Amino acid sequence: MLAMDFIKANRDTVERAIRDKGVELDLNALLALEAEVRGLKTEIEALRAERNAISAQFPKAAPEDKAELGRKAKEAGARAAELEAALAAKDGELSALMLLLPGIPWEGAPVGPDDSFNQVARRHGEPPRFDFEPLDHVALLEKNDWADLSRIVQVSGSRTYCLKGRLALLEGALMNWALQRIAAGDFIPITVPAIAREQAFLNQGQFPGHRDETYELPNDDAWLAGTAEVALTSLHSGEIIEADKLPILYAGYSPCFRREAGSAGRDVRGLLRV
């Protein structure tokens, strides 16, 4: 999340990021709301100070003055309570808007509505040329009996799959090889749960923008993660880590779930992320 001081000092940059990333957010409304929240906090602090000052006078006040002092203290307290309720609502609105703020993109990144605007930065090698018609992944699975696509659809729905035989063994071998390579590079291989609480998704930046792509578990107050990153980025949330303990290098491994909202029509031979 961008800091408010940064937003105010770099307003043009933030507005460009909002525009380039296609975020529906009115920065003027956000800043106006922040000023309102700041004003409420100032007024509440002034009322608290007034009430404290009255309370300090009360023990030494003359009996005929105590009733008036009590009335003023009660009024200040009631007004502060009223403003605190308004502040809680406004602060919640502000926090929701702040979560919509995009990160500042690299200035050299191409801007466009879809991946057709991507630019090739560099190429390595040449695509292979075959003297036969290559098969796609689904055809290869079916030809070699490496998956059971028709039966698993009856169990789990469209675009799901279960690998079997040599390909199931290969999947396990590849994962084990990858974890060994990671460990050799001073990363700590770590397996994490496939579920996480809402705050973890907010910490990682997937929420609030991608809720429609995420499977919710309402009875458990949790969600299914689309990447091990969700858990890893919150693993030390709220901790203060001494500099001599950094960097902490984790490589996460978990099942991953994403609804792929809206993609089924254009990607009929795709497979759901797992």
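The rules we used
Residues numbered from 1 in each chain as written. Predicted model: local features only at pLDDT ≥ 70, side-chain atom pairs only at ≥ 80, totals over all residues. Heavy atoms only, no water. Axes fitted to C-alpha atoms, helices over the stretch in contact; angles between N-to-C directions. Helix = DSSP H or I, 4+ residues; strand = E, 2+ residues; numbered from the N terminus. Parallel < 35°, antiparallel > 145°, perpendicular 65-115°, else oblique. Contact = heavy atoms within 4.5 Å. Nonpolar A, V, L, I, M, F, W, Y, C, P; charged D, E, K, R; others polar. Pairing = 2+ DSSP bridges. Core = buried A, V, L, I, M, F, W, Y, C linked by side-chain atoms within 4.5 Å. Buried < 20%, exposed > 50% of the residue type's maximum accessible area, 1.4 Å probe, protein only. Phe/Tyr/Trp six-rings, centres within 6.5 Å; stacked < 30°, edge-to-face > 60°. Lys NZ or Arg CZ within 6 Å of the ring centre and 35° of its normal. Polar contact = N/O pair within 3.5 Å; in protein donor to acceptor, adjacent residues only side chain to side chain. Salt bridge = Lys/Arg side-chain N within 4 Å of Asp/Glu carboxyl O. Disulfide = S-S within 2.5 Å.

**Q** I keep staring at the packing of helix 2 (residues 11–20) against helix 3 (residues 27–57) and nothing clicks. Help me out?
**A** For any two helices packed against each other, one specifies the inter-axial angle together with the distance between the axes. Viewed as axis vectors pointing N to C, helix 2 and helix 3 meet at an angle of 130°, and their least axial separation amounts to 11 Å. Classified by the angle their axes make, helix 2 and helix 3 are oblique. Touching Arg11, Val14, Glu15 and Ile18 of helix 2 are Leu27, Asn28 and Leu31, all from helix 3. Of the residues in the contact of helix 2 with helix 3, the class split is four nonpolar, one polar and two charged.

**Q** Just checking my understanding: could you explain the sheet that holds strand 2 (residues 195–196) for this structure?
**A** Pairing between sheet strands relies on hydrogen bonds along the backbone, with the strands arranged either parallel or antiparallel. Taken in spatial order, the three strands make up an open sheet running 2-4-3, and their pairing is antiparallel. Every interior strand has two partners, whereas the edge strands, strand 2 and strand 3 (216–217), have only one. Bridge count between strand 3 and strand 4 (residues 222–224): two bridges; the pairing is antiparallel. Bridge pairing links glutamate 216 to tryptophan 223 in strand 4.

**Q** Before we go on, may I ask you to explain the nonpolar core in this structure?
**A** Formed by 21 residues in total, the largest nonpolar core has its most connected members in Ile7, Val14, Leu27, Leu30, Met98 and Leu101. Going through the elements one at a time, helix 1 (4–9), helix 2, helix 3 and helix 4 (63–100) are the ones with two or more residues in this core. Examining the composition of this core, we find that eight residues originate from one element, helix 3, more than from any other. Every residue in contact with valine 14, bar those within four places of it in the chain, is listed here: Leu2, Phe6, Ile7, Leu27, Leu101 and Ile104. In this structure, Ala196, Phe201, Phe207 and Ala225 belong to the second largest nonpolar core, which totals seven residues.

**Q** Can you help me understand the environment of valine 138 in this one?
**A** As for its position among the elements, valine 138 is in helix 5 (residues 137–143). Between the C-alpha atom of valine 138 and that of glycine 209, which follows or precedes it by 71 residues, the distance is 31 Å.

**Q** Explain the packing of aromatic side chains here, please?
**A** The description of an aromatic ring pair rests on the distance of the ring centres and on the angle between the ring planes. Applying the stated criterion across every chain yields a total of four aromatic pairs. Residues phenylalanine 130 and phenylalanine 132 carry aromatic rings whose centres are separated by 5.2 Å and whose planes lie at 45° to one another, so their mutual orientation is tilted. Both rings, one in phenylalanine 207 and one in tryptophan 223, keep their centres 4.7 Å apart while their planes meet at 75°; by these two values the pair is edge-to-face. In this pair, phenylalanine 207 is assigned in the loop between helix 8 (198–204) and strand 3 and tryptophan 223 in strand 4, connecting sequence segments 16 residues apart. For phenylalanine 207, a relative accessible area of 2% puts it in the buried group. By way of ring pairs, the aromatic residues Phe201, Phe207 and Trp223 are connected into one cluster. The cationic tip of arginine 211 hangs over the ring face of phenylalanine 207; the distance from NZ or CZ to the ring centre is 4.5 Å.

**Q** Is there a simple way to explain the side chain of serine 254 in this structure?
**A** Tracing the backbone shows serine 254 in the segment after strand 5 (250–253). Excluding residues that lie within four positions of it along the chain, serine 254 makes contacts with Val192, Pro193, Thr227 and Ala228.

**Q** What's the story with the environment of aspartate 145 in this structure? I'm lost.
**A** Structurally, aspartate 145 can be placed in the loop between helix 5 and helix 6 (149–156). Each C-alpha atom of the pair aspartate 145 and lysine 164 lies 7.7 Å from the other, and the pair is 19 residues apart in sequence. One polar contact links aspartate 145 to lysine 164, side chain to side chain, over a distance of 2.9 Å.

**Q** Explain the pattern of salt bridges here, please?
**A** For side chains bearing opposite charge, pairing can occur when the charged atoms are close. One pass over the full model with this rule turns up 13 salt bridges. For the salt bridge of glutamate 34 with lysine 8, the shortest nitrogen-to-oxygen distance reads 3.1 Å. Here lysine 8 lies in helix 1 and glutamate 34 lies in helix 3, a separation of 26 residues in the sequence. Judged by its relative accessible area of 11%, glutamate 34 is buried.

**Q** What exactly am I supposed to notice about the state of the cysteines here?
**A** Covalent bonding between the sulfur atoms of two cysteines is what defines a disulfide. For the coordinates displayed, the defined rule picks out zero disulfides. This cysteine, cysteine 162, is not joined by any disulfide, and cysteine 256 carries the nearest cysteine sulfur, 19 Å off. Owing to a relative accessible area of 27%, cysteine 162 belongs among the partly exposed residues under this scheme. Classification of cysteine 256 as buried rests on a relative accessible area of 13%.

By themselves these figures say nothing about function.
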